[in-house]
Amino acid sequence: MSDPVLQLSAIAVDYGRRGQRIRALDGVDLAVGRGEIVGLVGESGCGKSTLARAAVGLEPLAAGTVTFEGRNVTSLGRRRRPEHLRGLQMVFQDPYESLNPRRTIGELIADGVRLGGGSRTDGRRRAAELLDRVGLPAGAAGSYPHEFSGGQRQRIAIARTLAARPSCLIADEPISALDASAQAQIANLLAELVRDGNLGLVLVSHDLAVVRQVADRVAVMYLGRIVEIGDTETVWASPRHPYTEALVAAIPRADGAGVLPVDLPGDVPDPASPPPGCRFHPRCPVAQDSCRELDQRLALVAGRQIACHVRSGAVPSALPESDG
Amino acid sequence: METRATLLQVDGLTVALPTRSGYQKAVDGLSFAVDAGQVMGIAGESGSGKTITALSLFGLLPHGARVSGSIRLDGTELLGLGTKQLRAIRGRQIAMVSQDPATALHPILPIGTQLTEHMRHHLGVSKDEALSRAAALLETVRIPDPLQALRSYPGQFSGGMRQRVAIAVALAAEPRLLVADEPTTALDVTVQAGILRLLDRLCRERGMAVIVITHDLGVMSAIARRLYVMYAGRLAEAGPASQLLASPRHPYTQGLLDALPHPEAGGAPLVPIGGSPPSLGNVPAGCPFHPRCRYARPSCATERPEPEPVADQHLLACPPDPLRAAS
């Protein structure tokens, strides 16, 4: 990618818990191009939401850099976001909590316009435009958030982020709180905005099927690290990391065949004491002795990057593959 | 091993809830049956009445709700039972697992207490017996180190583990029917797979019946034998899950399936159902789905469709029946 709109390099984020330091993200690299959707998937606790929040400056970084439109924006405090960061906007999971219930939709959207230096009149005009853009009637501007369904609220939240004329959106589980039919509507809307507006989009979701449908590239995270990243089609059609394989096999298909999804035993380990070596080895069906010792780094395998030396053949395997 | 005995028989269940604009029907003339040892699924979006249906089985409807129809568990009519009689049935005969395990478990009681008080009350077993049964249950739901877990508190477990504990609590008094309302919606697919396998196993091994309520048709496809699709408090379509999902006949069922990402469809856009489901009190006349239906004809706006058999064990509440029209 020649000119990524957002580039995260070697990102680390720490949380403190009872005087203990927990590394929630550990050396994550991710770049998003203009007009590109990058899906971020993984089980809860893998750090995907932390990465989304770190990208927009909502989490302080312990290490690494965030580059937005070519500028390093790493050292920002939360108190004040500089003008040029307005182009990086976030869509949150719960449209019931991200909209002020006491203000009308028009006011909520116009705020974004006025913060960017527009007049009240600009705000009103642009609010009507943006409501139309996200598929709501212009008359919605005079209504309050509680008058809308979850899917409509998420449209409103998206319209509000668009008021800042962003070049990159970070969406943290934007559809998981919505009804089945609204999920498809919002996923399509986001994809359309990205294509039409040449925006970058980081789509965080635990719903792999939706990510597959809309994302150009997908990054699979496990315990604070990316374990597989590549073109969505490539990763999906033939996942190479054992964890990605397990995720894909666990998705139930609505084909009426009555096939139970494949179980991945165990839980994500406590990030306070990650397993040594490959962090996935205690749950991995193809783990070898060496996996307990060797730290895994991303390596190019079959058109995508994976962090698994067993599958990438980086270390001659002592045990046969059929061990799994 | 399969038992074909009908455990739960619901006929013409209608639930009206008080709203500012008077009583509104949240469930309207719903009938279904669940056999022992079988997983039955109720699908629909929010506001379709699926959760109210579940609550009515337990006599736990909001204050002021008006219920009519019949709910028979093994021949015993549950509607109209007093609190005391219902208490003897809740937990013992029918138990519930809700979407949010955080609210189902008491935060400051150890898991062991929550598992055993149930058993001791309903089964009358001794404390030691209850504790050993509780440990075995935790093992069944695959909680590592069950003895340690009995002394732990809900907050010490992850979301997936808490849901497994909540299922263990629901199973503690060996109910004959488990009602699971969106049991895996908040969970990761990997944990979901484990819980679906667990429910399937419990049905087969214990002959327990399960009602799974979810809008996730993938989950339905994986475990439900029979499927009821609800829309705006009414039955849209019912039948064997394999048949309904492979060749849906109600436009709403078709729409739900089309809105799902298909593993084979590549990057094609999703096909959403236009509009959103009606809220309580705003249910359209005639067929409630007609404003969103691409097959709707004028009569759909006035004539209320009743579920009619269209194939073996297959009910359909849609007179235009797109499948028939297409052929």
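Because the structure is a prediction, the values reported are computed rather than measured. (Residues numbered from 1 in each chain as written. Chains lettered and ligands numbered in written order. Predicted model: local features only at pLDDT ≥ 70, side-chain atom pairs only at ≥ 80, totals over all residues.)

Another point: the overall build of chain A. When its secondary structure is counted, chain A shows nine helices and 12 strands. Computed over the C-alpha atoms, the radius of gyration of chain A is 21 Å, within 12% of the 20 Å expected from 2.2 N^0.38 for a compact globule of 324 residues. Overall, the C-alpha framework of chain A stretches about 70 × 50 × 40 Å when taken along its three principal axes. Expressed as a percentage of the 324 residues in chain A, the buried residues total 50%. Sequence-distant contacts, at least 24 apart, represent 63% of the contacts inside chain A between residues at least 6 apart. (Helix = DSSP H or I, 4+ residues; strand = E, 2+ residues; numbered from the N terminus. Rg over C-alpha atoms; globule rule 2.2 N^0.38 Å. Buried ≥ 20, exposed ≤ 12 C-beta atoms within 10 Å, placed from the backbone. Contact = placed C-beta atoms within 7 Å.)

When you go through chain B residue by residue, the secondary structure sums to 12 helices and 12 strands. Taking 20 Å as the expected radius of gyration for a compact globule of 327 residues, we find that chain B reaches 21 Å, a close match to that expectation. In terms of principal-axis extent, the alpha carbons of chain B reach across some 65 × 50 × 40 Å. The 327 residues of chain B split such that 46% are buried. Considering only intrachain contacts with a sequence separation of at least 6, the fraction spanning at least 24 residues in chain B is 63%.

Residue and element names in this part refer to chain B. If you check the domain split of chain B, you get domain 1 (1-93 + 177-186 + 207-262 + 284-327) and domain 2 (102-174). Taken together, the five residues of domain 1 in the interface contact six residues of domain 2. A breakdown of the residues in the side of domain 1 that touches domain 2 according to their chemical character gives three nonpolar, one polar and one charged. (Domains from an automatic or database assignment. Nonpolar A, V, L, I, M, F, W, Y, C, P; charged D, E, K, R; others polar.)

Attention now goes to the interface of chain B and chain A. Listed as interface residues are 42 residues of chain B and, on the opposing side, 37 residues of chain A. Looking at the side of chain B that touches chain A element by element, the count peaks at eight residues for helix α8 (residues 189-206) of chain B. Class assignment of the residues belonging to the side of chain B that touches chain A gives a composition of 23 nonpolar, 15 polar and four charged.

By secondary structure assignment, the location of Ser143 of chain A is in the loop between α3 (120-133) and α4 (150-162). With residues near it in sequence (within four places) discarded, Ser143 of chain A still touches Thr104 and Ile105 of chain A.

With that settled, the discussion passes to the packing of helix α4 (residues 111-123) of chain B against helix α5 (residues 127-140) of chain B. The geometry of a pair of packed helices is captured by two quantities: the angle between their axes and the separation between those axes. All names here are of chain B. Where α4 meets α5, the closest approach of the two axes is 9 Å, and the angle between their N-to-C directions is 120°. Judged by the inter-axis angle, α4 sits oblique to α5. Our pair here, α4 against α5, has a crossing hand that is right-handed. Residues Gly112, Leu115, Thr116, Met119 and Arg120 of α4 touch α5, and the partners they reach there are Lys127, Ala130, Leu131, Arg133, Ala134 and Leu137. Looking at the contact of α4 with α5, its residues break down into six nonpolar, two polar and three charged. (Axes fitted to C-alpha atoms, helices over the stretch in contact; angles between N-to-C directions. Parallel < 35°, antiparallel > 145°, perpendicular 65-115°, else oblique. Left-handed = near helix turned anticlockwise from the far one by under 90°.)

Residue and element names in this part refer to chain B. In a regular helix each residue adds 1.5 Å, so 13 residues correspond to 18 Å; helix α7 (residues 159-171) covers 18 Å between its end C-alpha atoms and thus fits that length. Among the 13 residues that make up α7, 12 are buried, leaving the element largely enclosed by the rest of the structure. Taken together, the buried positions of α7 are Gly160, Met161, Arg162, Gln163, Arg164, Val165, Ala166, Ile167, Ala168, Val169, Ala170 and Leu171. Elements in contact with the buried residues of α7: β6 (94-97), α3 (101-104), α4, α5, β7 (177-181) and α8. (Expected span 1.5 Å × (residues − 1).)

With that settled, the discussion passes to the nonpolar core. Ranked by internal contacts, the top residues of the largest apolar core, which has 192 residues, are Ala55, Leu190, Val202 and Leu203 of chain A together with Ala168 and Val210 of chain B. Both of domain 1 (1-93 + 177-186 + 207-262 + 284-327) and domain 2 (102-174) of chain B provide at least three residues apiece to this core. (Core = buried A, V, L, I, M, F, W, Y, C linked by C-beta atoms within 7 Å.)

Turning our attention to the sheet that holds strand β5 (residues 71-72) of chain A. All names here are of chain A. Strand order in the open sheet made by the four strands is β2-β1-β4-β5, with antiparallel pairing throughout. Strands with a single pairing partner mark the edges of an open sheet, and in this sheet they are β2 (20-32) and β5. Judged from the two bridges that link them, strand β4 (residues 63-68) and β5 form a sheet pairing that is antiparallel. By the bridge assignment for β5, Thr67 is matched with Asn72. (Pairing = 2+ DSSP bridges.)

Looking at chain A as a whole, the pLDDT averages 88, with 94% of positions reaching at least 70. A low-confidence stretch, residues 316-324 of chain A (pLDDT under 50), is modelled with 11 contacts involving residues beyond four sequence positions or located in other chains. (pLDDT = per-residue confidence, 0-100.)

The next point concerns the pairing of β7 of chain B. Residue and element names in this part refer to chain B. Summarising burial for β7: five of the five residues are buried, a large majority. By the alternation rule, side chains of β7 split into Leu177, Val179 and Asp181 and Leu178 and Ala180, which are all buried. Bridge count for β6 against β7 is four bridges, and the pairing is parallel. Bridge pairing in β7 links Ala95 to Leu178. Following the backbone out of β7, through α8 and into the adjacent parallel strand β8 (residues 209-213), one traces a crossover that is right-handed. (Right-handed = clockwise from strand over helix to strand, strands pointing away.)

If you trace the four strands from one edge of the open sheet to the other, you get β2-β1-β4-β5 (chain B), paired in antiparallel fashion. Only two strands of the sheet have a single partner each, and these edge strands are β2 (22-35) and β5 (76-77) of chain B.

The backbone of Glu173 of chain A sits at a positive phi, close to 50°, despite the residue not being glycine. Mapped onto the secondary structure, Glu173 of chain A falls in the loop between β7 (168-172) and α5 (180-197). Residue Asp145 of chain B is not a glycine yet carries a positive backbone phi of 50°. Counting through the fold element by element, Asp145 of chain B comes out in the loop between α5 and α6 (146-150). Residue Asp145 of chain B is classed as exposed on the basis of its 11 C-beta neighbours within 10 Å.

Residues and elements named next belong to chain A. An ideal rise of 1.5 Å per residue puts 18 Å on 13 residues; α4 measures up with 18 Å between its terminal C-alpha atoms. For α4, the full list of buried residues reads Gly151, Gln152, Arg153, Gln154, Arg155, Ile156, Ala157, Ile158, Ala159, Arg160, Thr161 and Leu162. Where α4 is buried, its residues contact β6 (88-91), α2 (105-115), α3, β7 and α5.

A word on the environment of Gly159 of chain B. By secondary structure assignment, the location of Gly159 of chain B is in helix α7. Judged by C-beta crowding, with 18 C-beta atoms within 10 Å, Gly159 of chain B ranks as partly exposed. If we ignore the near neighbours within four places in the chain, the residues touching Gly159 of chain B are Ser44 of chain A together with Pro101, Ala186 and Leu187 of chain B.

When pLDDT is averaged along chain B, the result is 88; 95% of the residues meet or exceed 70. Scored as a complex, the prediction yields pTM 0.84 and ipTM 0.79.

Attention now moves to the pairing of strand β3 (residues 39-43) of chain B. Residue and element names in this part refer to chain B. Of all five residues making up β3, five are buried, and the element is well covered by its neighbours. Taking every second residue as pointing to the same face, both faces of β3 are buried, with Val39, Gly41 and Ala43 on one and Met40 and Ile42 on the other. Of the pairings in the sheet, the one linking β3 to strand β9 (residues 226-231) comprises four bridges and is parallel in character. Of the residues in β9, the one forming a bridge with Ile42 is Tyr228.

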